[in-house]
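Spelled out, the chains give:
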Amino acid sequence: MKAFTSLTATELRLLFRDPASMFFMMAFPLMLLVLKRGESGTVPGYIAMIAAIGGMGALPGIVASYRERKVLKRLAATPISPVLLLAGQLVAQVVATLAGAVVLVVVSIVVFDVEAPRNVPLLAAAFLLCSVMVCSLGFVIAAVVRNTRGASLIGMLVTFPMIFLAGAAVPRKALPDSLRQIGDFLPLTPGVQALSDGWSGTAAVFPMMILTGIIVAGTAVAAALFRWE
């Protein structure tokens, strides 16, 4: 447990030292919030966007770099399992996402007088599922694309179109019908829906079931395809 805590703390420090990750997970959502002037209903989508940028945008490149630099291979010969490092990266991504989300929510409520979440436990459950879901997809990308540059590029190419088509960056009702239909099949869409329902206090059983299914499927695919070197 002590080793896992130390690994997670180290991974978290490295994340917070990465200016690109911190910009897109902290500053970028706040910029959108200011541009939208705290428009009602946008905050849950921005939380999903923060999760996606960390889990699918940043995580694949980080994991691929560990494999490329033989970090995972060397760990396999020590008492610290490589799985422990990947679990620490998962927890670090969720914590970093939580930090960005808390800043966003506080600013939206204090500065823009956005109505506070009506069901905090439901919102927290939706947040956790959405965060873990995007990380599971990030591990799939890292399993398929095995070099650092390629994994980072594919992660970003997947993430940024998705945050727009899934309704994280802009409301889906503002999209043309053809793009909205594409968004219906994207994994981030139920994440945005679950967070929106949690914020409004509405039960979000079906979106959460979809998120859980994606987590299970993504984890299984990543485990089957992932190679330590």
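These remarks concern the structure in this document. (Residues numbered from 1 in each chain as written. Predicted model: local features only at pLDDT ≥ 70, side-chain atom pairs only at ≥ 80, totals over all residues. Heavy atoms only, no water.)

1. Examining the side chain of Thr189
For step 1, the next point in the chain: With respect to the helices and strands, the residue Thr189 is situated in helix α9 (residues 188-200).
For step 2, the next point in the chain: For Thr189, a relative accessible area of 12% translates into the label buried.
For step 3, the next point in the chain: One polar contact links the side chain of Thr189 to the main-chain carbonyl oxygen of Gly183, over a distance of 2.5 Å.
For step 4, the next point in the chain: If near-sequence neighbours (up to four positions away) are discounted, Thr189 is found in contact with Ala166, Arg172 and Gly183. (Helix = DSSP H or I, 4+ residues; strand = E, 2+ residues; numbered from the N terminus. Buried < 20%, exposed > 50% of the residue type's maximum accessible area, 1.4 Å probe, protein only. Polar contact = N/O pair within 3.5 Å; in protein donor to acceptor, adjacent residues only side chain to side chain. Contact = heavy atoms within 4.5 Å.)

2. What to know about the nonpolar core
For step 1, the next point in the chain: In terms of nonpolar packing, the biggest core is built from 66 residues, with Ile47, Met49, Met133, Leu188 and Leu195 touching the most fellow members.
For step 2, the next point in the chain: With 14 residues, helix α3 (residues 43-68) is the single largest residue contributor to this core.
For step 3, the next point in the chain: Not counting chain neighbours up to four residues away, the residues in contact with Ile47 comprise Ala101, Leu104, Val105, Phe127, Leu195 and Trp199. (Core = buried A, V, L, I, M, F, W, Y, C linked by side-chain atoms within 4.5 Å.)

3. As for the pattern of salt bridges
For step 1, the next point in the chain: All told, the structure shown has three salt bridges when counted by the stated rule.
For step 2, the next point in the chain: Put simply, Arg118 and Glu115 hold a salt bridge, and the shortest N to O gap is 3.0 Å.
For step 3, the next point in the chain: By relative accessible area, Glu115 is classed as partly exposed at 47%.
For step 4, the next point in the chain: Of the charged contacts, one joins Asp184 and Arg172 as a salt bridge, the two residues approaching to 2.5 Å between their closest N and O atoms. (Salt bridge = Lys/Arg side-chain N within 4 Å of Asp/Glu carboxyl O.)

4. Things to note about the packing of α9 against helix α10 (residues 205-225)
For step 1, the next point in the chain: Relative orientation of the contacting elements α9 and α10 amounts to 140 degrees, with a least axis distance of 8 Å. With respect to α10, the axis of α9 lies oblique. Regarding α9 and α10, the two cross each other, and that crossing is left-handed. Residues Pro190, Gly191, Gln193, Ala194 and Asp197 of α9 form the contact with α10, whose participating residues are Pro207, Met208, Ile210 and Leu211.
For step 2, the next point in the chain: Here the residues of the contact of α9 with α10 are counted per class, giving six nonpolar, two polar and one charged. (Axes fitted to C-alpha atoms, helices over the stretch in contact; angles between N-to-C directions. Parallel < 35°, antiparallel > 145°, perpendicular 65-115°, else oblique. Left-handed = near helix turned anticlockwise from the far one by under 90°. Nonpolar A, V, L, I, M, F, W, Y, C, P; charged D, E, K, R; others polar.)

Remember that the coordinates give geometry; whether it matters functionally is a separate question.
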